[in-house]
Amino acid sequence: KKVKAVEKTNEEEAKALKVIKKHNTELDDLEMISDCLSKHFFMRILDKRARQEIIKEMTLCSIDENVEVYKQGAPGKYFYIVKEGILIQSIDNVQDKEYHRGESLGELALIHSSPRAGTLIAKTKCLVWCLERKNFRKIVDVINKMNYEENKNFISSIRMLSSIDNELKSILSSNLLNQYFEKGAIIFKGKLT
């Protein structure tokens, strides 16, 4: 029963989208999408070629004004990048954020396989580039593998950790998180003792 409910909710999200172009093989809006992905907290690790492969898999869709794209608590089906228009996210019926050209949304439900954190409605007629969950999950797997290899190389470079066995190094590699900070960002704030 739960699977049918998920499928129905995903169908509702898909119904809000009117497909204009199924695959972006001509790399339309390359600069805007690539710029968005290169700043994205999760996808910035990808190189230019990998970003272009993602862009090729994206679908251009329109959303009519005042259409609800997805509901808070629903499973996620797509990752979005706004091409034109304004989308509004509300959490618990309170407007939380507006999304404009070049901004992305919807990835957290796909990354964590968790329900949508808010409800998304088109304030105006919109054009969005979408990436379906199955393609997004492939990217997540590639990024996780890249992070694992980077972490493994980092751990191997630390002389103090050279005596631990490979299984423990593997566990450490799987659990390290990469954090990226913009120049001038405060990383830690507190009192010196």
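Each value, and the rule that gives it
Residues numbered from 1 in each chain as written. Predicted model: local features only at pLDDT ≥ 70, side-chain atom pairs only at ≥ 80, totals over all residues. Heavy atoms only, no water. Helix = DSSP H or I, 4+ residues; strand = E, 2+ residues; numbered from the N terminus. Buried < 20%, exposed > 50% of the residue type's maximum accessible area, 1.4 Å probe, protein only. Contact = heavy atoms within 4.5 Å. Polar contact = N/O pair within 3.5 Å; in protein donor to acceptor, adjacent residues only side chain to side chain. Pairing = 2+ DSSP bridges. Axes fitted to C-alpha atoms, helices over the stretch in contact; angles between N-to-C directions. Core = buried A, V, L, I, M, F, W, Y, C linked by side-chain atoms within 4.5 Å. Phe/Tyr/Trp six-rings, centres within 6.5 Å; stacked < 30°, edge-to-face > 60°. Lys NZ or Arg CZ within 6 Å of the ring centre and 35° of its normal.

Chemist: Is there a simple way to think about the side chain of His40 in this case?
Modeler: Position of His40 relative to the elements: it lies in the loop between α2 (30–39) and α3 (48–57). A relative accessible area of 5% places His40 in the buried class. Excluding anything up to four places from it in sequence, His40 contacts Phe79, Ser104 and Glu107.

Chemist: Can you help me understand the side chain of Asn151 in this one?
Modeler: Here Asn151 lies in helix α5 (residues 133–156). Reaching out from Asn151, the side chain makes a polar contact with the backbone oxygen of Ser173 at a distance of 3.0 Å.

Chemist: Teacher, can you tell me more about the sheet that holds strand β6 (residues 94–99) here?
Modeler: The sheet built from four strands is open, its strands ordered β3-β8-β5-β6 with antiparallel pairing. Only two strands of the sheet have a single neighbouring strand rather than two, namely β3 (68–70) and β6. Mean inter-strand twist for the sheet, computed between neighbouring axes without regard to direction, equals 30°. For strand β5 (residues 87–91) and strand β8 (residues 119–122), the ladder comprises four bridges, and the chain directions are antiparallel. Across the sheet, residue Gln89 finds its bridge partner in β8, namely Leu120.

Chemist: Hey, could you run me through the nonpolar core in this one?
Modeler: A general feature of soluble globular proteins is that nonpolar side chains tend to end up buried together. Residues Ile33, Leu37, Met43, Phe79 and Ile81 are the most contacted members of the largest nonpolar core, which totals 22 residues. Secondary-structure elements contributing two or more residues to this core are α2, α3, β4 (78–84), α4 (107–111), β9 (126–132) and α5. Among the elements that line this core, the one with the most residues is α2, at four residues. Every residue in contact with Ile81, bar those within four places of it in the chain, is listed here: Met32, Ile33, Cys36, Leu37, Met58, Gly102, Glu103, Ser104, Leu127, Val128 and Trp129. Of all hydrophobic cores here, the second largest spans 16 residues; its members include Leu17, Tyr99, Leu105 and Val128.

Chemist: Explain the packing of aromatic side chains here, please?
Modeler: What describes a pair of aromatic rings is the distance from one ring centre to the other and the angle between the planes of the rings. The full count for this structure, using the stated rule, is two aromatic pairs. Ring centres of Tyr78 and Tyr80 lie 6.1 Å apart, and the angle between their planes is 50°; on these two criteria the pair is classed as tilted. Residue Tyr78 shares its accessibility class with Tyr80, and that shared class is buried. Taken together through their ring pairs, the aromatic side chains of Tyr70, Tyr78 and Tyr80 make up a single cluster. For the cation-ring pair, Arg116 lies above Tyr70, with the distance from its terminal atom to the ring centre recorded as 4.0 Å.

Chemist: Is there a simple way to explain the environment of Glu132 in this structure?
Modeler: Its location among the elements puts Glu132 in strand β9. The exposure class of Glu132 is partly exposed, given its relative accessible area of 23%. Between the alpha carbons of Glu132 and Met58 there is a distance of 7.8 Å; along the sequence they are 74 residues apart. If we skip the residues at most four places from it in the chain, Glu132 touches Lys77 and Tyr78. Side chain to side chain, Glu132 and Lys77 meet in a polar contact 3.1 Å long.

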